[in-house]
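Results of the structural survey
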Amino acid sequence: KRVLKPIEFKAAYSLALMAKANTNSLEPLSDDTTISELMVILNVSKNLIKPILTRLFNLGVYGKFEVVDANLGQTKHWIFNPYLSFSGKIISSDIAQLFSGTKCAKAFKNPEYK
């Protein structure tokens, strides 16, 4: 909250509310999600979607996961950083490890981190 503009915080909060239990997956969101869909989901104007998502990604608010599913083929999904919010009972150390080097994780571990 201390480093985001209010509209960026609002978008990050919207993503946090979407995170699936125990995985923090933001499925069906991915790089293939259209601007129109993102406008509705994040309630942000068309011109602000890309700059906001770029900033949130660079800060480590969300990450991108890509895998080839035997039934679905290649799938790409976003994952919300569990250091910010986790939807479930226990954070898997594997999920947290994906985000351990992000600015968000560093700030979580050290409140003095800038």
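Up top is the structure.
Residues numbered from 1 in each chain as written. Predicted model: local features only at pLDDT ≥ 70, side-chain atom pairs only at ≥ 80, totals over all residues. Heavy atoms only, no water.

**What to know about the nonpolar core**
The line we're drawing: Among buried residues, the Ala, Val, Leu, Ile, Met, Phe, Trp, Tyr and Cys ones that are joined through side-chain atoms within 4.5 Å form a nonpolar core. Whether a residue is buried, partly exposed or exposed follows from its accessible area with a 1.4 Å probe, protein chains only, as a fraction of its type maximum: under 20%, in between, or over 50%, in that order. Strands here mean DSSP runs of E at least two residues long; helices mean DSSP runs of H or I at least four residues long; both are numbered from the N terminus. In what follows, a contact means two residues having at least one pair of non-hydrogen atoms within 4.5 Å.
Within the largest apolar cluster, 21 residues are counted, with the highest numbers of intra-cluster contacts made by Leu 15, Leu 26 and Leu 56. Listed by contribution, the elements that provide at least two residues to this core are helix 1 (6-18), helix 2 (35-42), helix 3 (46-59) and strand 2 (73-80). For this core, the leading source of residues is helix 3, giving five residues. If we skip the residues at most four places from it in the chain, Leu 56 touches Leu 4, Glu 8, Ala 11, Ala 12, Leu 15, Val 61 and Tyr 62.

**Observations regarding the side chain of Thr 33**
Applicable threshold: Distance and chemistry together define a polar contact, namely a pair of N or O atoms within 3.5 Å, with one atom able to donate a hydrogen and the other to accept it when in protein, and with adjacent residues in sequence counting only for side-chain atoms on both sides.
With respect to the element layout, Thr 33 can be found in the loop between helix 1 and helix 2. Within polar-contact distance, the side chain of Thr 33 engages the backbone nitrogen of Ser 30 at 2.8 Å. What Thr 33 contacts, discounting residues up to four positions off in sequence, is Pro 28 and Leu 38.

**Structural notes on the environment of Ala 107**
Assignment of secondary structure puts Ala 107 in helix 5 (residues 103-109). With 24 residues separating them in the primary sequence, Ala 107 and Tyr 83 have C-alpha atoms 9.2 Å apart. Other than its neighbours up to four places away in sequence, Ala 107 contacts Arg 2 and Tyr 113.

**Describing helix 3**
This is how the line gets drawn: Each helix should span, by expectation, one fewer than its residue count multiplied by 1.5 Å. Note: the arc covers the axis-to-C-beta directions of the helix.
For helix 3, which comprises 14 residues, the first-to-last C-alpha distance of 21 Å matches the rise-based estimate of 20 Å (1.5 Å per residue) to within 8%. Every buried residue of helix 3 is listed here: Ile 49, Ile 52, Leu 53, Leu 56 and Leu 59. The buried residues of helix 3 occupy one face: seen down the axis, they fall within an arc of 125 degrees. Along helix 3, the residues that are exposed and aim more than 90 degrees away from the buried face are Asn 47, Lys 50 and Asn 58.

**Points about the packing of aromatic side chains**
Rule in force here: For this analysis, a ring pair means two rings from Phe, Tyr or Trp (six-membered ring only for Trp) whose centres lie within 6.5 Å, classed as stacked if their planes differ by under 30 degrees, edge-to-face if by over 60, and tilted for the remaining angles.
Tallied over the full model, the rule gives two aromatic pairs. A centroid spacing of 5.5 Å and a plane angle of 55 degrees characterise the contact between Phe 57 and Tyr 62, whose relative ring orientation is tilted. Tyr 62 gets classed as buried once you look at its relative accessible area, which sits at 4%. When the centroid spacing of 4.6 Å and the interplanar angle of 40 degrees are considered together, the rings of Tyr 62 and Trp 78 count as tilted. You can see Tyr 62 sitting in strand 1 (residues 62-69) and its partner Trp 78 sitting in strand 2, a full 16 residues away along the chain. You can call Trp 78 buried: its relative accessible area is 4%. Every member of this aromatic cluster is reached through a ring pair, and the members are Phe 57, Tyr 62 and Trp 78.

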